[in-house]
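Next come the chains, spelled out residue by residue.
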Amino acid sequence: QVQLVESGGGLVQPGGSLKLSCAASGSIFIIYTMGWYRQAPGKQRELVTTISWSGGKTSYADSVKGRFTISRDNAKNTVYLQMNSLKPEDTAVYYCNADLNTPLLGRDDYWGQGTQVTVSS
């Protein structure tokens, strides 16, 4: 069974930084694209950023470009999100997503349980 576990959320002041981590565990052949989504209260879940298997291709929502950086460590099956210059509008539950292949179920999409990020003074 595959699990994605996020960590690193919390309360931070505007202008501050946080680094989120998401570790995938279980019987995994390969993890393709990984990404981060977020959902603010009363809003739909939105894509924040993605990273390819090699790490050579990344994409960012316009709202976070220049402030957030996604990276991954394939040896640890882990993806990271470095968030700088945080704004109150970044407040949301952040979810990790992974497109991966397992021996039993083949290729599918997996989600973490979410981690709360609150930006407030």
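Scroll up to find the structure.
Presented here is a report on the structure given in the accompanying data block. (Residues numbered from 1 in each chain as written. Predicted model: local features only at pLDDT ≥ 70, side-chain atom pairs only at ≥ 80, totals over all residues. Heavy atoms only, no water.)

Of all hydrophobic cores here, the largest spans 29 residues; its most connected members are Trp36, Phe68, Val79, Met83 and Tyr94. Counting only elements with at least two residues in this core, the list comes to strand E3 (18-25), strand E4 (30-39), strand E5 (46-51), strand E7 (68-73), strand E8 (78-83), strand E9 (92-102) and strand E11 (115-119). At 5 residues, the largest contribution of residues to this core is made by E9. Other than its neighbours up to four places away in sequence, Tyr94 contacts Glu6, Leu20, Trp36, Tyr37, Arg38, Val48, Phe68, Leu81, Met83, Gly114, Thr115 and Val117. (Core = buried A, V, L, I, M, F, W, Y, C linked by side-chain atoms within 4.5 Å. Buried < 20%, exposed > 50% of the residue type's maximum accessible area, 1.4 Å probe, protein only. Helix = DSSP H or I, 4+ residues; strand = E, 2+ residues; numbered from the N terminus. Contact = heavy atoms within 4.5 Å.)

For the rest of this paragraph, the subject is the packing of aromatic side chains. What the rule picks out here adds up to 1 aromatic pair. The ring centre of Tyr95 lies 3.7 Å from the NZ or CZ of Arg45, which sits over that ring. (Phe/Tyr/Trp six-rings, centres within 6.5 Å; stacked < 30°, edge-to-face > 60°. Lys NZ or Arg CZ within 6 Å of the ring centre and 35° of its normal.)

What follows concerns the environment of Ser52. By the secondary structure assignment, Ser52 is in the loop between E5 and strand E6 (58-60). The spacing of Ser52 and Asp99 is 47 residues in sequence and 10.0 Å in space, taken between C-alpha atoms. Polar contacts involving the side chain of Ser52 include one to the main-chain amide nitrogen of Gly56, which spans 3.4 Å. (Polar contact = N/O pair within 3.5 Å; in protein donor to acceptor, adjacent residues only side chain to side chain.)

Further remarks concern the sheet that holds E3. Overall, antiparallel pairing links the 4 strands, which are arranged E1-E3-E8-E7 in an open sheet. Looking at the sheet topology across the chains shown, the edges are occupied by strand E1 (3-7) and E7. Shown here is a sheet whose adjacent strand axes are inclined to one another by a mean of 15°, direction ignored. The pairing of E7 with E8 spans 6 bridges and is classified as antiparallel. Across the sheet, the residue bridging to Thr69 is Gln82, located in E8. (Pairing = 2+ DSSP bridges. Axes fitted to C-alpha atoms, helices over the stretch in contact; angles between N-to-C directions.)

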